[in-house]
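# Tertiary structure, described
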Amino acid sequence: MSEIPAKATGSEDPSEGARARAADGLASAVGGALAADGVRTGDAMWQSSPPGSIYDYIRVASFSIGPDGLVNQWSLRAEHLFGIPADRAVGMDPIEAFIDPRHRERGMRKMAEILDGREWTGVVPFRMPRDVEGECGHEGLAEVYVMPTRTEEGEKAAVCIVVDVRTLRTIETDLAASQAIFSQSPFGFLLIDPDLRVRRANQRFASIFGGTPDDHRGKGVHDYLQRGEAERVAATLRRVLETGNSITDMHVTGFVPGSDERRHWSVNLYRVHSGSGRPIGVAWLGTDITARRAAAREAAAARRNLALLNEAGARIGNSLDLETTARQLLDVVVPGFCDLATVDLYQGLLAGDETPPGLADGSAELRRVAFASAVSDAPFAGTGVPVAVGAVHHYPFNSPCADALRTARPQTVPGEDGGLVQSTLAVPMVAHDTVVGLVQFARTKGSEPFGDRDRDLAVELAARAAVCIDNARLYRREHERALILQRSLLPPGDPEASGLDIACRYLPGTVNTGRPSEVGGDWFDVIELPGHRTALVVGDVMGRGLRAAVAMGELRTAVRTLAQLDLEPAEVLSQLDEIARGLGAPGGVQQATRAARRPREADLSEVYLATCVYAVYDSVTRRCTFANAGHLPPVLVEPGEPALMLDVPPGMPLGVGGEPFEEVEVELPEGALLALYTDGLVESRDHPLDEGLQAFVSALSDPTQPLEDVCDHVLNTLDTHHGEDDIALLMARVQGLPTDSVGDWTLPREPRSVGRAREYARAQLLAWDMEPLVDTTELLVSELVTNALRYGEGEIRLRLLLDRTLVCEVWDSGLVQPRRRRARDTDEGGRGLQLVGLLSAAWGSRRTPRGKTVWFELPLPGGDTSLTDPAEALLSLF
């Protein structure tokens with residue numbers, strides 16, 4: 001406060017009473033300056049103004065003028081305002097010291113009037129007097145209030161109150177700016193006092209919460225917010241008041257009067273201080289971010305949906321199995337999109353039908369193939385009676401699910417009262433304009449309900465899964481067709497062979513691993529040859545799918561055809577090599593051969609490569625001849641010996657051409673075990689070939705067990721369930737033809753040999769107790785021996801073999817093969833081979849290293865095939 005001189009007395013001027021009263025009032029107001037020191041005036045204690053009064057902001061000073069017009073008292077505030085100490089200011093003429101020379105004359109007149117006892121108020125420009133160094137001080141503008149007084153001697157004097165006008169103008173500007181900011185702010189602005197009551201509110205805040213700004217004075221946060229939110233905000237306000245730390249972007253949630261919509265605000269809080277630094281409250285600056293929050297939620301939902309679609313694209317469709325694809329869909333949506341979900345597929349689709357039945361009314365049978373829950377393991381009952389996974393069911397005609405299947409449009413199914421589910425989206429799975437099933441997405445009570453964006457996302461997810469399921473269906477159909485084709489090309493049932501106990505296994509590639517798998521070109525075959533010999537074949541066409549299966553069928557047919565020509569194993573593989581080279585050429589074998597001779601021309605034909613091992617076993621001699629075209633070596637287990645891989649030179653694969661094949665002949669002891677196989681048995685992604693071969697050899701540790709048990713043991717011991725490739729396994733146990741089942745004679749080249757041959761045959765058949773075959777055998781042996789005498793060369797060999805059939809062989813050194821022709825009615829001869837063909841079950845001839853062999857075969861008595869009467873056969877020739 002300004003200090004006022006204490007020497008003022010009453011005035012004799014008529015207005016002196018008023019002036020005295022004003023002076024007394026001013027003195028009373030000024031008395032607060034003494035309260036800080038506890039100065040007692042009269043009977044009352046004057047209290048000092050608390051920090052933060054108006055005098056902390058404006059510059060006020062006082063001094064007094066004596067009767068002589070000179071300063072006689074100078075306050076401390078005057079020292080601060082004018083910068084002149086009291087010892088210098090006392091005695092100065094204020095007009096001469098502070099007034100510009102241009103205004104001094106007027107100032108002298110005003111001073112005379114003041115000393116004459118008149119009050120005066122006005123704005124006076126002043127300048128600071130020169131300092132001790134002679135420099136002039138700064139200029140200023142002051143508002144002066146002069147009150148006449150009297151000294152103790154009764155002389156007229158004056159008290160002057162001075163206010164710095166420039167400080168007032170600055171305060172006025174600041175107040176106007178503050179008022180403009182507060183009232184014109186587009187944000188809600190509050191000034192909250194230390195009692196957490198609204199001291200002041202702006203128009204923007206009032207427009208949101210109703211009323212005028214004055215209507216909000218004295219209200220607290222509990223008047224605007226719900227209890228929990230209000231307590232949180234109140235605690236934050238107290239913390240700001242106590243610590244002075246500002247709060248930025250605090251999110252506050254509440255409601256505005258007349259609306260049930262939840263609103264969101266972003267609030268900034270900071271503590272407000274007075275000019276002396278005393279905290280006087282908290283400033284609240286709030287912005288409505290409801291729309292921004294909604295947009296943020298929409299953006300977050302869009303990002304979440306996009307991430308869900310990306311995850312679906314990465315995880316759904318990795319398998320070509322229908323059930324696996326359905327489970328992959330549920331793994332993606334639960335719990336990221338919904339709480340429970342199920343997938344139903346048409347039963348006809350799972351059964352392999354081309355078009356699922358009942359699409360017209362949506363009530364066809366479906367099978368529940370997948371279920372997932374993030375809440376509990378209880379069955380899904382969002383749309384009726386719970387259905388277990390794997391159960392076949394159908395939806396009633398008027399149900400929302402049947403309507404979704406019928407119209408191919410999603411349906412929203414509200415949850416039942418008292419149930420767990422809030423709502424369910426029944427979305428049809430549509431692929432290529434065909435409904436393949438239904439997927440249901442359900443959210444439990446308390447979760448956010450499904451919106452339009454969720455509905456669109458559900459449709460997209462169901463469509464993606466439907467396409468993958470339809471692809472899996474098409475793959476399964478093609479896989480089954482190729483598998484049927486492949487199986488139809490393999491030997492039906494259990495093959496039988498003379499002198500061999502046969503067991504075989506074929507395992508097609510599967511999709512158990514989740515990776516795409518197709519049928520391959522693996523095959524095996526057991527071909528009966530003349531003379532109780534057997535051809536054992538195992539091969540593998542490189543590649544997969546229908547193309548490999550068809551190529552395998554062509555090669556297998558070619559092998560059987562070549563085997564019937566009774567060619568040597570190496571020659572059979574050479575012919576197969578030519579055939580394999582012609583499979584991919586448009587013009588067949590000849591075109592492929594010509595293309596091979598023109599290496600500079602581009603060969604655009606497909607390349608078919610295959611590996612094959614071909615073995616011919618003779619049950620009489622127990623000798624087996626092998627030829628190998630790039631295949632894995634056969635494995636032989638002799639009685640009492642460990643298993644070993646036969647050293648059969650591996651030639652080039654079939655289809656490469658240009659390289660001959662070698663043969664290896666091995667004598668197989670009685671009871672020996674021979675195993676032929678494909679690489680799917682011993683090789684996989686996780687098991688190298690060498691490791692698999694060693695494991696296969698080790699698995700053949702006890703070959704004395706029944707052959708079927710040995711096959712099962714091998715498949716169970718080795719890792720054959722990887723499903724990466726087809727597996728073909730052919731095992732044969734040697735059971736040579738007994739010595740007493742073989743009749744072998746050498747005949748000289750003379751006419752009497754025909755009769756001897758008949759005698760040998762009769763005697764042997766009677767010894768075997770085969771009397772019903774005697775007449776027919778004698779007749780046919782006579783014909784063959786006669787032909788050998790007439791058209792053959794060298795000595796003649798007759799051999800009878802008894803096993804499942806009776807085989808008769810006539811050997812000679814001639815190279816000319818017999819050819820059957822139709823004799824004319826007038827011809828005396830030429831009917832021998834026709835007679836052989838009529839009476840025997842089969843006949844033929846083959847080349848041998850030393851000539852040829854002509855043979856015929858007769859069924860045994862008591863079998864399914866009856867014998868032909870020789871008399872009827874002879875009559876049929878004429």
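Note that the coordinates shown come from a computational prediction; the quantities given were computed from them, not determined experimentally.

What counts, and at which threshold
Residues numbered from 1 in each chain as written. Predicted model: local features only at pLDDT ≥ 70, side-chain atom pairs only at ≥ 80, totals over all residues. Heavy atoms only, no water. Helix = DSSP H or I, 4+ residues; strand = E, 2+ residues; numbered from the N terminus. Buried < 20%, exposed > 50% of the residue type's maximum accessible area, 1.4 Å probe, protein only. Contact = heavy atoms within 4.5 Å. Areas by Shrake-Rupley, 256 points an atom, 1.4 Å probe, with all protein chains shown as cover. Pairing = 2+ DSSP bridges. Axes fitted to C-alpha atoms, helices over the stretch in contact; angles between N-to-C directions. Parallel < 35°, antiparallel > 145°, perpendicular 65-115°, else oblique. Left-handed = near helix turned anticlockwise from the far one by under 90°. Nonpolar A, V, L, I, M, F, W, Y, C, P; charged D, E, K, R; others polar. Salt bridge = Lys/Arg side-chain N within 4 Å of Asp/Glu carboxyl O. Core = buried A, V, L, I, M, F, W, Y, C linked by side-chain atoms within 4.5 Å. Expected span 1.5 Å × (residues − 1). Arc of directions from axis to C-beta. Lys, Arg positive; Asp, Glu negative; His and termini not counted. Polar contact = N/O pair within 3.5 Å; in protein donor to acceptor, adjacent residues only side chain to side chain. Disulfide = S-S within 2.5 Å. Patch = residues over 30% accessible without salt bridge, like charges linked within 9 Å, V, L, I, M, F, W, Y side chains within 5 Å. Charge placed at Lys NZ, Arg CZ, Asp CG, Glu CD. pLDDT = per-residue confidence, 0-100. Phe/Tyr/Trp six-rings, centres within 6.5 Å; stacked < 30°, edge-to-face > 60°. Lys NZ or Arg CZ within 6 Å of the ring centre and 35° of its normal.

Turning our attention to the overall build of the protein chain. A count of helical and extended segments in the protein chain gives 22 helices and 33 strands. Looking at the protein chain as a whole, 45% of its 878 residues are labelled buried. For the protein chain, the share of sequence-separated contacts (at least 6 apart) that also reach a separation of at least 24 residues comes to 61%. Summed over its atoms, the accessible surface of the protein chain is roughly 43,800 Å², and 50% of this surface lies on carbon and sulfur atoms.

The pairing of strand β8 (residues 188–192) with strand β12 (residues 279–288) spans five bridges and is classified as antiparallel. When the bridges of β12 are listed, F189 appears paired with L285. Pairing analysis gives nine bridges linking strand β11 (residues 263–273) to β12, with the strands arranged antiparallel. Bridge pairing in β12 places V267 opposite G286.

Moving on: the sheet that holds strand β5 (residues 120–127). On the basis of which strands lie adjacent, the open sheet formed by five strands has the order β4-β3-β7-β6-β5 and antiparallel pairing. Bordering the open sheet on either side are β4 (71–74) and β5, each of which pairs with just one other strand. On average, each strand axis in the sheet is tilted by 30° relative to the strand beside it, whichever way the strands run. Pairing between β5 and strand β6 (residues 139–150): eight bridges, direction antiparallel.

The next subject is the pairing of strand β32 (residues 842–848). Bridge count for β32 against strand β33 (residues 851–859) is seven bridges, and the pairing is antiparallel. Bridging across to β33, R846 finds its partner in T853. Linkage of β32 to β33, two consecutive antiparallel strands, is achieved through a turn of two residues.

Below, the discussion takes up the packing of helix α14 (residues 546–564) against helix α15 (residues 569–583). Following both chains from N to C, one finds α14 and α15 inclined at 150°, their axes separated by 10 Å at the closest point. By the angle between their axes, α14 is roughly antiparallel relative to α15. Judged by the sense of rotation from one axis to the other, the crossing of α14 with α15 is right-handed. Across the interface between the two elements, A551, E554, L555, A558, V559 and L562 from α14 touch V572, Q575, L576, I579, A580 and L583 from α15.

We now examine the packing of helix α9 (residues 290–315) against helix α10 (residues 322–333). One can describe the packing of α9 onto α10 by two numbers: an axis separation of 10 Å at closest approach and a directional angle of 155°. When the axes of α9 and α10 are compared, the pair comes out roughly antiparallel. Like other packed secondary-structure pairs, α9 and α10 cross with a definite hand, here right-handed. Contacts between α9 and α10 involve L308, E311, A312 and R315 from the first element and Q328, D331 and V332 from the second. Its residues placed into classes, the contact of α9 with α10 shows three nonpolar, one polar and three charged.

On to the pattern of salt bridges. Using the criterion set out here, one finds 35 salt bridges in the structure. A salt bridge links K156 to D116; its shortest N-O distance comes to 3.7 Å. Of this pair, K156 sits in strand β7 (residues 156–164) while D116 is found in the loop between α5 (104–115) and β5, placing the two residues 40 residues apart along the sequence. Across the pair R762 and E778 runs a salt bridge whose closest N-O atoms are separated by 2.8 Å. Here R762, found in helix α19 (residues 752–767), pairs with E778, found in helix α20 (residues 774–791); they are 16 residues apart in sequence, far enough to count as distant. Take E778: its relative accessible area is 15%, and that puts it in the buried class. One salt-bridge network, in which partners are shared between bridges, spans R533, D566, R799, E809 and R846.

Turning our attention to the nonpolar core. If you look at the biggest cluster of nonpolar residues, it comprises 56 residues, and the most contacted ones within it are W523, L536, L576, Y614 and L730. Looking at this core element by element, the count peaks at eight residues for α14. Formed by 49 residues, the second largest nonpolar core is a distinct cluster that contains L329, C401, A426 and L461.

Hydrogen bonding along the main chain pairs the strands of a sheet, whether they run parallel or antiparallel. With antiparallel pairing, the five strands of this open sheet are ordered in space as β20-β21-β22-β23-β26. Looking at which strands have only one partner, the edges of the open sheet turn out to be β20 (520–529) and β26 (663–667). With direction set aside, neighbouring strand axes in the sheet form an average angle of 15°. By the bridge criterion, ten bridges tie β20 to strand β21 (residues 533–544) in an arrangement that is antiparallel.

With that out of the way, let us pick up α19. For α19, with 16 residues, the first-to-last C-alpha span of 23 Å sits near the 22 Å given by 1.5 Å per residue. Buried within α19 are the following residues: S753, V754, A757, A761, Q764 and L765. Relative to the axis of α19, the buried residues are bounded by an arc of 105° and lie together on one face. Residues of α19 that are exposed and angled more than 90 degrees away from the buried face: R752, E759 and A767.

If you trace the backbone, D339 turns up in the loop between α10 and β13 (340–346). Buried and unpaired, D339 has R443 as its nearest opposite-charge partner, separated by 6.2 Å. A polar contact is formed between the side chain of D339 and the backbone nitrogen of T444, at a distance of 2.9 Å. At 3.0 Å, the side chain of D339 and the side chain of S447 are in polar contact. Leave out the neighbours within four places in its chain, and D339 touches V334, A372, S373, A374, V375, A442, R443, T444 and S447.

Counted by the stated rule, this structure contains zero disulfides. Among the cysteines around C504, which has no disulfide bond, C711 carries the closest sulfur, lying 7.5 Å off.

To continue, consider a negative patch on the surface. On the surface, D68, E152, E153 and E155 cluster together into a negatively charged patch. Assessed through its relative accessible area of 43%, E155 is described here as partly exposed.

All right, on to α10 then. For α10, which comprises twelve residues, the first-to-last C-alpha distance of 17 Å matches the rise-based estimate of 16 Å (1.5 Å per residue) to within 8%. Backbone nitrogen of E323 and a side-chain oxygen of the N-cap are separated by 3.3 Å at the start of α10; the cap is D321.

Before going further, it helps to examine unusual backbone geometry. The step from V334 to P335 runs through a cis peptide bond, and the omega angle for that step is 0°. Relative to the elements of secondary structure, P335 occurs in the loop between α10 and β13. For H432, which is not glycine, the phi torsion reads 55° and is therefore positive. Here H432 is to be found in the loop between β17 (421–431) and β18 (434–444). Even without glycine at this site, H532 takes up a positive phi of about 50°. Its location among the elements puts H532 in the loop between β20 and β21. Judged by relative accessible area, H532 falls into the buried class, the value being 7%.

Once that is clear, we can look at the confidence of the model for the protein chain. When pLDDT is low, close inspection of the predicted coordinates is not appropriate. Put simply, the protein chain has an average pLDDT of 81, and 82% of its residues get 70 or more. Confidence drops under a pLDDT of 50 for residues 511–516, and excluding neighbours within four residues, the segment shows nine contacts in the predicted structure. Here residues 595–605 is a poorly scored stretch, pLDDT under 50, and it has five contacts once near neighbours within four places are set aside; other chains count.

On to the packing of aromatic side chains, then. According to the stated counting rule, one finds 13 aromatic pairs in the structure shown. When the centroid spacing of 6.0 Å and the interplanar angle of 5° are considered together, the rings of W74 and F98 count as stacked. Pair noted here: W74 is in strand β4 and F98 is in helix α4 (residues 94–98), with a separation of 24 residues, a long-range link. This pair shows no difference in class: W74 is buried, exactly as F98 is. For the ring pair F82 and F126, a centre distance of 5.2 Å and an interplane angle of 70° mean the geometry is edge-to-face. Of this pair, F82 sits in helix α2 (residues 76–82) while F126 sits in strand β5, placing them 44 residues apart in sequence. Assigned by exposure class, F82 and F126 land together as buried. One aromatic cluster is present, built from ring pairs that chain together F63, W74, F82, F98 and F126. Lying over the aromatic face of F397, R406 brings its terminal NZ or CZ to 4.4 Å of the ring centre. The ring of W811 carries R797 above its face, with NZ or CZ at 4.6 Å from the centroid.

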